[in-house]
Amino acid sequence: MPTTGRFALHAEADRRGVEMAIEDFGGKILGRDLVLLTRNATTDPAKAAEIAESLITQNRIAFMVGAIDSGVAAAMSAVCQRYGVIFINTNSSAPSEAVENAHRTKFVFDANGANFNKALLKYALDRHPRKRAILLTEDNVWGHSNAAASRGYIERYGGSVVEEIVVPVSLPDPAGLAARIASMDIDVVAVNLSGNNQIRLFSQIDPALFERQSWVVGEVDWEELYPAPGTPRPLFGTTWAWNLDTPGTAEFVARYRQRYGNTVLDYPGDVTHAAYLAMRALLQAIEAAGTTQNHAVIRTLETMRWSGHERMQHDDAWMDPVSHHLQQSVYTATWRHDPVNPAAGIEILGHLSPEEVRYEREDHTRLESFDETPLYTP
């Protein structure tokens, strides 16, 4: 995972979730020790591919877990597929991860921008008779993949995309960008910016603008809210929040805070939640298969289901055998700054079932066959 750069906080949250899952199994699987070897994947896909190759050929890893950045995930998972190493994508949310960049050895556990925007954009467009929208797109794999899905849903719901603004990952002029959008005669802004770029942009926006324009952010992670409690997020999607009233949530939060409560990120968020359950799923599959042989573990993962209680969500979740993407509950939310208790700023407005938010393009995902996937038994 990228432990430096703009996703460093996400990477820390991701690692904590993986650690907690390993603890659940007493640090062992099938009588063998579980050893967590961490490397900085960086946010450079080419460098990440080199690191993945080294971990497999030099360190002889058994499985790969992590990524965060979708471009990094695509690069690393391609290497894993070449060797037959199972790759658990814990927290990358580009729709392309479960469509054009899907692999037999890769399993994707985060919801993606298509899942969130399918519900959020309809909600926003219904508030405006003209339904004029713009796309605000980060110039990377994640941004373009989410923007493509957003465009399709805007058109489906009777809206029109009047412009797409593609911004560099460095986001060189957030104030200028905010002023430009504020001056536009549009109704809905579909925001596909990730990491701290969200913080940098929303800190430049007068909240009064949201009375005229509906800004929709496909996904906001806790790690983008926690460092900047004063910046607004009017409407966004997430997969879990620490204050959800679901079975198991309070216990998980208490356990997390006992271990990490005196650190940065003293409450867990959706990234930790996703990584925790993704790592648990891998270990459950190994245990059920009774072997670490990749084909057996893959076949087991492809058929797995989890109750809402197990996942601390409202609905049961299951691994889609066609796309290798977890189908799960998603939540609509807003972020209002609470100066007394910043951690309480997130408010869950509602939830949607996996069936309601499913991304239709996943019906046509093509995974490599088992004959095309090398056997690998770590």
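All figures in this text were calculated on a predicted structure; none of them were measured in a lab.

A.B. asks: What am I meant to see in the overall build of the protein here?
C.D. replies: Along the backbone of the protein there are 13 helices and 15 strands. Radius of gyration (C-alpha) of the protein: 20 Å, near the 21 Å computed for a compact globule of 378 residues. When the backbone C-alpha atoms are referred to their principal axes, the protein occupies close to 60 × 45 × 35 Å. Evaluated residue by residue, the protein yields a buried proportion of 60% over its 378 residues. Relative to all contacts within the protein whose residues are 6 or more apart in sequence, the contacts with residues 24 or more apart total 70%. Summed over its atoms, the accessible surface of the protein is roughly 14,400 Å², and 51% of this surface lies on carbon and sulfur atoms. One way to put it: in the protein the 34 positive side-chain charges average out to a point 2 Å from where the 48 negative ones average out.

A.B. asks: Where do I start with the side chain of Ser-353 in this structure?
C.D. replies: Structurally, the position occupied by Ser-353 is in the loop between strand S15 (346–352) and helix H13 (354–357). The buried category is assigned to Ser-353, whose relative accessible area is 14%. Here Ser-353 is in contact with Asp-315 and Gln-328, once residues within four sequence places are set aside.

A.B. asks: Looking at this structure, how should I read the packing of helix H2 (residues 45–57) against helix H3 (residues 70–83)?
C.D. replies: Helix-helix packing is characterised by the crossing angle of the two axes and by the distance between the axes. Where H2 meets H3, the axes come as close as 8 Å, and the angle between the chain directions of the two elements is 35 degrees. The chirality of how H2 crosses H3 is right-handed. From H2, Pro-45, Ala-48, Ala-49, Ala-52, Glu-53, Ile-56 and Thr-57 reach across to H3, where they touch Gly-71, Val-72, Ala-75, Met-76, Val-79, Cys-80, Arg-82 and Tyr-83.

A.B. asks: Got a minute to help me understand the pairing of strand S9 (residues 214–217) in this structure?
C.D. replies: A two-sided burial pattern is seen for S9, the buried positions comprising Ser-214 and Val-216 on one face and Trp-215 and Val-217 on the other. Bridge count between strand S8 (residues 188–192) and S9: 4 bridges; the pairing is parallel. Paired with Val-188 across the strands is Ser-214, a residue of S9. In this fold, the crossover linking S8 to S9 by way of helix H7 (residues 196–202) has right-handed handedness.

A.B. asks: Quick question: what am I supposed to make of the side chain of Glu-368 here?
C.D. replies: By secondary structure assignment, the location of Glu-368 is in the segment after H13. No salt bridge forms around the buried Glu-368; measuring N to O, its nearest opposite-charge neighbour Arg-366 is 5.5 Å away. Of the polar contacts made by the side chain of Glu-368, one reaches the side chain of His-103; its length is 2.7 Å. Residues contacting Glu-368, with those up to four places away along its chain left out, are Gln-81, Ala-102, His-103, Arg-104 and Thr-373.

A.B. asks: Help me understand the sheet that holds strand S13 (residues 326–327), please; the structure alone is not making it clear to me.
C.D. replies: Picture the strands of a sheet paired through backbone hydrogen bonds; they go either parallel or antiparallel. One open sheet holds the 3 strands; their spatial order is S11-S12-S13, and the pairing between them is antiparallel. Two strands in the sheet have a free side with no partner beyond their single neighbour: strand S11 (305–306) and S13. Taken together, the 2 bridges between strand S12 (residues 317–319) and S13 define a ladder with antiparallel strand orientation. Directly across from Met-319, in S13, lies its bridge partner Leu-326.

Cut-offs applied
- Residues numbered from 1 in each chain as written.
- Predicted model: local features only at pLDDT ≥ 70, side-chain atom pairs only at ≥ 80, totals over all residues.
- Heavy atoms only, no water.
- Helix = DSSP H or I, 4+ residues; strand = E, 2+ residues; numbered from the N terminus.
- Rg over C-alpha atoms; globule rule 2.2 N^0.38 Å.
- Buried < 20%, exposed > 50% of the residue type's maximum accessible area, 1.4 Å probe, protein only.
- Contact = heavy atoms within 4.5 Å.
- Areas by Shrake-Rupley, 256 points an atom, 1.4 Å probe, with all protein chains shown as cover.
- Lys, Arg positive; Asp, Glu negative; His and termini not counted.
- Charge placed at Lys NZ, Arg CZ, Asp CG, Glu CD.
- Axes fitted to C-alpha atoms, helices over the stretch in contact; angles between N-to-C directions.
- Left-handed = near helix turned anticlockwise from the far one by under 90°.
- Pairing = 2+ DSSP bridges.
- Right-handed = clockwise from strand over helix to strand, strands pointing away.
- Salt bridge = Lys/Arg side-chain N within 4 Å of Asp/Glu carboxyl O.
- Polar contact = N/O pair within 3.5 Å; in protein donor to acceptor, adjacent residues only side chain to side chain.

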